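So the chains spell out like this:
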Amino acid sequence: MTNTNTNGDFSRLIAEHRAALPMSESLSSHAYVSEGMAPHAPLEVHGTTVIAMKFKGGVLNVGDRRATAANAIMYDRADKIIPLDDHTLVAIAGAYGRAIEVTRYLKHAFKYYLRSQLQPMSLDGKLQEISRALAGNLPNAMSGIGLFIPVLSAYDPDMDTGRIFFYDASGARFETQEFAAAGSGSERIRGVFEYLIKTKGPFSEQPLEEVLQDGLRLLEIAADLDSATGGYEKILPTARAVDAGGVREVSEETLRNLIKKMNQAK
Amino acid sequence: MLTPYDFQENISQRAQYIEQRLREGSPVIGISFTDGLLLFSLKRRGRKVYEIYDQLMFSAIGNQSDIETMRLAAIDFTHKEGYARSPDDVTIQRVVGSALSPALKKGFGDAMTTPFVMRSIFAELGPQPERDLFYVLNYDGEFFQQERFAVVGGSYQAEDSAIKSLEDAYGKKVPTFEKSLPLAIIAWGIAREAAVGEGLAGVSEERARQRVREEVESASLEVGVLERNTTKESRFRLVPHETLEKYLQHL
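A quick note: this is a predicted structure, and the numbers were derived from the prediction, not measured.

What counts, and where the lines are drawn
Residues numbered from 1 in each chain as written. Chains lettered and ligands numbered in written order. Predicted model: local features only at pLDDT ≥ 70, side-chain atom pairs only at ≥ 80, totals over all residues. Helix = DSSP H or I, 4+ residues; strand = E, 2+ residues; numbered from the N terminus. Contact = placed C-beta atoms within 7 Å. Nonpolar A, V, L, I, M, F, W, Y, C, P; charged D, E, K, R; others polar. Expected span 1.5 Å × (residues − 1). Buried ≥ 20, exposed ≤ 12 C-beta atoms within 10 Å, placed from the backbone. Pairing = 2+ DSSP bridges. Axes fitted to C-alpha atoms, helices over the stretch in contact; angles between N-to-C directions. Core = buried A, V, L, I, M, F, W, Y, C linked by C-beta atoms within 7 Å.

1. Section: the environment of Ala169(B)
Argument step 1. Its place among the elements puts Ala169(B) in helix α4 (residues 156-170).
Argument step 2. Expressed as a C-alpha distance, the spacing of Ala169(B) and Tyr156(B), which sit 13 residues apart in the sequence, is 20 Å.

2. Some remarks on the interface of chain A and chain B
Often the size quoted for an interface is simply the accessible area lost on bringing the parts together.
Argument step 1. With 19 residues of chain A at the contact, the number on the chain B side is 20 residues.
Argument step 2. At 6 residues, the largest contribution of residues to the side of chain A that touches chain B is made by helix α3 (residues 96-117) of chain A.
Argument step 3. For the side of chain A that touches chain B, the class distribution of residues is 8 nonpolar, 5 polar and 6 charged.

3. Quick look at helix α6 (residues 208-225) of chain A
Three- or four-residue spacings in an α-helix give side chains the same orientation, since the helix completes a turn every 3.6 residues.
Residues and elements named next belong to chain A.
Argument step 1. Between its terminal C-alpha atoms α6 stretches 26 Å, which fits the 26 Å expected from 18 residues at 1.5 Å a residue.
Argument step 2. Of the residues making up α6, those classed as buried are Leu 208, Val 211, Leu 212, Asp 214, Gly 215, Leu 216, Leu 218, Leu 219, Ala 222 and Ala 223.
Argument step 3. Each element contacted by the buried residues of α6 is listed here: β1 (50-55), β2 (58-63), α5 (190-200), β11 (238-243) and α7 (252-265).

4. Structural notes on the sheet that holds strand β10 (residues 236-238) of chain B
Residue and element names in this part refer to chain B.
Argument step 1. Here 5 strands make up an open sheet; going across it, the order is β8-β1-β2-β9-β10 and the pairing antiparallel. Edge positions in the sheet fall to β8 (149-152) and β10, since each has one partner strand and no second. Adjacent strand axes in the sheet meet at a mean angle of 15° when their direction is disregarded.
Argument step 2. Here strand β1 (residues 28-33) pairs with strand β2 (residues 36-43) via 6 bridges, running antiparallel. For Ser 32, the partnering residue across the bridge sits in β2 and is Leu 37.

5. Let's talk about the nonpolar core
Argument step 1. Of all hydrophobic cores here, the largest spans 139 residues; its most connected members are Leu60(A), Met57(B), Ile121(B), Phe122(B), Ala184(B) and Ala187(B).
Argument step 2. No other element matches the 11 residues that helix α5 (residues 177-196) of chain B contributes to this core.
Argument step 3. If sequence neighbours within four positions are ignored, Met57(B) has contacts with Leu39(B), Val49(B), Tyr50(B), Glu51(B), Ile52(B), Ala123(B), Gly224(B), Leu226(B) and Phe236(B).

6. Brief notes about unusual backbone geometry
Argument step 1. Phi angles above zero are rare outside glycine, and Asp160(A) is one such case at about 50°.
Argument step 2. Along the chain, Asp160(A) turns up in the loop between β7 (148-156) and β8 (161-167).
Argument step 3. With a phi angle near 70°, Arg148(B) is a residue other than glycine that sits in the positive phi range.
Argument step 4. Along the polypeptide, Arg148(B) turns up in the loop between β7 (143-146) and β8.
Argument step 5. Judged by local crowding, Arg148(B) falls into the partly exposed class, with 19 C-beta atoms found within 10 Å.

Shown next as structure tokens:
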């Protein structure tokens, strides 16, 4: 029985076994991109809007389902809100393939740590692991392929509150107080968040349903202003929440009823 | 130089040494129920039932550090495989049959190493109870598959007694969690009594209950469950102490 003591570090486990790390993948495998093709199109699957908003006791994530390549709509059922474990959600904007690969890596890294060390990885440890994955992905991002930006939402049991973090492409991490958004539509709706907070008060003091309604409105505005963002009329967006009870999906029925109610009020 | 005679003697001495040391171990009972799969044991100190992978659980009797080595080897293999391919490719057959058993066998046959003192049980959750699997892995690398329930105990005879009681009690219909836990408690008592008690000629159910009542004074129950129908990322949970207390009151 050969044991390599990794102390729960999944990247060491797979490095020692020469399995491919998502963040250390050689750029040469993408060499065809630089040979005559514009680095951003049509390989980039980029535009989207994902939103993380606090509510009383947790964080809500809402994301549209559209995946685009240049101005073509490639897929209208992409899931961009992904549970990393039962207490952590990640919302992704940017290159879908790289993002999915990195979330797969992160899921395994968190599980591996929990199961081998018999204690869950701390929130700070998880945030650090994401920074590492993003820093490793930087060469891809710089070459115009594989840039993605995650927004992380977690329930912090020590503080009994939801917490939101966003990252830049190099892995720098920032915590926000009330909300975060990423994707091509996010910049366009930034002012709406500020307006809502100024007029209604902080999201973190409102119940989930109220925040969900605002989240859907924000998504609708983003879809109106950004061609790469799908709205909620044709295909329902993804909505997941994380609080003391863990990660849960907002059911289609809840979303449908809420949208109906909002449409009637128009 | 080793002669064939020495080889045989060495192997049987090793086996004898290991089996002697396993006798005192707290048995582990595995039962498949409607909504999941459980591994049951009594522990004096430390953990006894462990999560290995999304659908895999593990427990063992034997030397604590050997159990730890085996546990980490299983976790390393499953996570590496699950990441390189898919979690669906991580099966109990691959973990026990290909990854662990040959390594154990090699260690056991090597006269220059200390042998693993351990008999372990792996459990795999299926989409339906009929597809749940148990693998019992012996210290010499031998393993066999069981369905519905499985036992590791301090002696082979103890395991047989407990298996027999489960065969009689399990019935044709897959039990619920509430029904399967009492079965596990009795089977544990039988296996324990048969391994360390005095009466070798079969253990009565009453004697088994008595044994559990006595031992629970200085030990606590541990039950690990893999849930079949859940939307959670993790299917594994340790059943809380308060829930288990209930079952002991009616013992």
